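Working through the structure, step by step
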Amino acid sequence: MDTEAPHTQRGHSSPVEGDGRPRFAFSGRGRRGGRTAGGRPLTWRRVGVLGVTCTVFLLLFSNFVVQPFLIPSRSMEPTLQVGDRVLVNKLAYRFGEQPRRGDVVVFDGTGSFVRERPEGNPIGTVLHGAASALGLAEPSDTDFVKRVVGVGGDDVACCDAGGRIAVNGVPLAEPYLHPGDAPSAVPFRIVVPLGTLWVMGDHRSQSRDSRDHLGEPGGGMVPVEKVIGRADRIGWPLSRWDSVGGGHG
């Protein structure tokens, strides 16, 4: 006679084992609530640290690689409009390449377009500089965006018989000019010193550029070393997302 107790089978989905503990456990990722990906509580302190880290990264990236630059005036219309954020490539001229005719560049105009850097509250200057580096505020009063028309050694003159600017005797085709604007209402002829640039806005009637500093020390020429970077693309608003591009070779 078989005296063994009958064996009762358990299904594999049974929630308890012999020790009475649940067989399956849920990870923290499946729970609701303010938790990080690792299951740790998401506190205000962690949010603050994450925010500071992201801000520092963006500032470093902006300082050395690509900087958003807020367009503050109409001087580069129709290429760039007030409120556009252009992405300035700070590596464009770091490895031996030089600015070329037609490039749209951002530069520090201290010593060429403005005589001295204006003094201000140091803390306010730092905060404004950080905001402008992120494209959240207008750039410094000493930063400008213009198009390169002549590079070192070029003979730039305006205007020829057809009313066009000529570089080394060759008339420029300037499709980027603001409709209705003449290439220049001010006649001039200059030879660009080596290591400098002759720059002009696309909206010639609304642009204070190299022409306005002809009689000043430096003659309106921008030293290449003062170029911050090349404006390669409009990054914002998204409806205007496009490359800036060069106008002539």
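Structure's up top.
Just so you know, these numbers come straight off a predicted model, no measurement behind them. (Residues numbered from 1 in each chain as written. Predicted model: local features only at pLDDT ≥ 70, side-chain atom pairs only at ≥ 80, totals over all residues. Heavy atoms only, no water.)

1. Quick look at the overall build of the chain
Counted only if it meets this: Labels follow the DSSP assignment, with helices taken as runs of H or I lasting at least four residues and strands as runs of E lasting at least two, numbered in each case from the N terminus. Per-residue accessibility, obtained with a 1.4 Å probe over protein chains only, is compared with the maximum for each type, and a residue is labelled buried under 20%, exposed over 50%, and partly exposed between these values. Surface exposure here means Shrake-Rupley accessible area, sampled with a 1.4 Å probe, where a residue is shielded only by the protein chains that are shown.
Scanning the chain from terminus to terminus reveals two helices and twelve strands. From first element to last, N terminus to C terminus, the chain shows the α and β order α-β-β-β-α-β-β-β-β-β-β-β-β-β. A total of 249 residues make up the chain; the buried ones form 36% of that total. Of the roughly 15400 Å² of accessible surface on the chain, 58% is carried by carbon and sulfur atoms.

2. Some details on the nonpolar core
To be explicit about the condition: Take the buried residues of types Ala, Val, Leu, Ile, Met, Phe, Trp, Tyr and Cys, join any two whose side-chain atoms come within 4.5 Å, and each joined set is a nonpolar core.
Formed by 13 residues in total, the largest nonpolar core has its most connected members in Val-105, Phe-107, Phe-113, Val-148, Leu-197, Val-199 and Val-227. With three residues, strand β4 (residues 143-151) is the single largest residue contributor to this core.

3. Overview of the sheet that holds strand β8 (residues 188-191)
For clarity, the cut-off: Here the rule is simple: two strands pair whenever DSSP picks up at least two bridges between them.
Here four strands make up an open sheet; going across it, the order is β7-β6-β5-β8 and the pairing antiparallel. The open sheet terminates on both sides in strands that have one partner only, identified here as β7 (170-171) and β8. Relative to strand β6 (residues 166-167), strand β5 (residues 155-158) runs antiparallel, the two sharing two bridges. When the bridges of β6 are listed, Ala-157 appears paired with Ala-166.

4. Some remarks on the state of the cysteines
Operational definition: Throughout, a disulfide means two cysteine sulfur atoms within 2.5 Å of one another.
Within the structure shown, the criterion is met by one disulfide. At a sulfur-sulfur separation of 1.8 Å, the disulfide partner of Cys-158 is Cys-159. Judged by its relative accessible area of 6%, Cys-158 falls in the buried class.

5. Some words on the pattern of salt bridges
Which entries qualify depends on this criterion: The salt bridge definition used is simple: a Lys or Arg side-chain nitrogen within 4 Å of an Asp or Glu carboxyl oxygen.
With the rule as written, the count across this model stands at twelve salt bridges. As a salt-bridge pair, Arg-164 and Asp-160 come within 3.4 Å of each other at their nearest N and O atoms. A salt bridge links Asp-232 to Arg-230, with the shortest nitrogen-to-oxygen separation between them at 2.6 Å. A residue is classified by how much of its surface remains accessible, and Asp-232, at 28% relative accessible area, is partly exposed. The buried category is assigned to Arg-230, whose relative accessible area is 18%. When salt bridges with common partners are traced through the structure, they connect Glu-97, Arg-230 and Asp-232 into a single cluster.

6. Things to note about a nonpolar patch on the surface
Short version of the rule: The patch calculation keeps residues exceeding 30% relative accessible area without a salt bridge and links them within 9 Å when they carry like charges or within 5 Å when they are nonpolar (Val, Leu, Ile, Met, Phe, Trp, Tyr).
A cluster of nonpolar side chains, Leu-42, Trp-44 and Val-47, forms an exposed patch at the surface whose accessible area comes to about 380 Å². You can see Trp-44 is positioned in helix α1 (residues 44-64).

7. Describing the environment of Gly-150
Put simply, the rule reads: Residue contacts are counted whenever heavy atoms from the two residues lie within 4.5 Å of one another.
If you trace the backbone, Gly-150 turns up in strand β4. Taking the relative accessible area as the measure of exposure, Gly-150 reaches 0% and is therefore buried. Taking the C-alpha atoms as reference points, Gly-150 and Asn-168, separated by 18 residues in sequence, lie 9.4 Å from one another. If near-sequence neighbours (up to four positions away) are discounted, Gly-150 is found in contact with Val-156, Val-192, Leu-197 and Trp-198.

Purely geometric numbers; function is a separate question.
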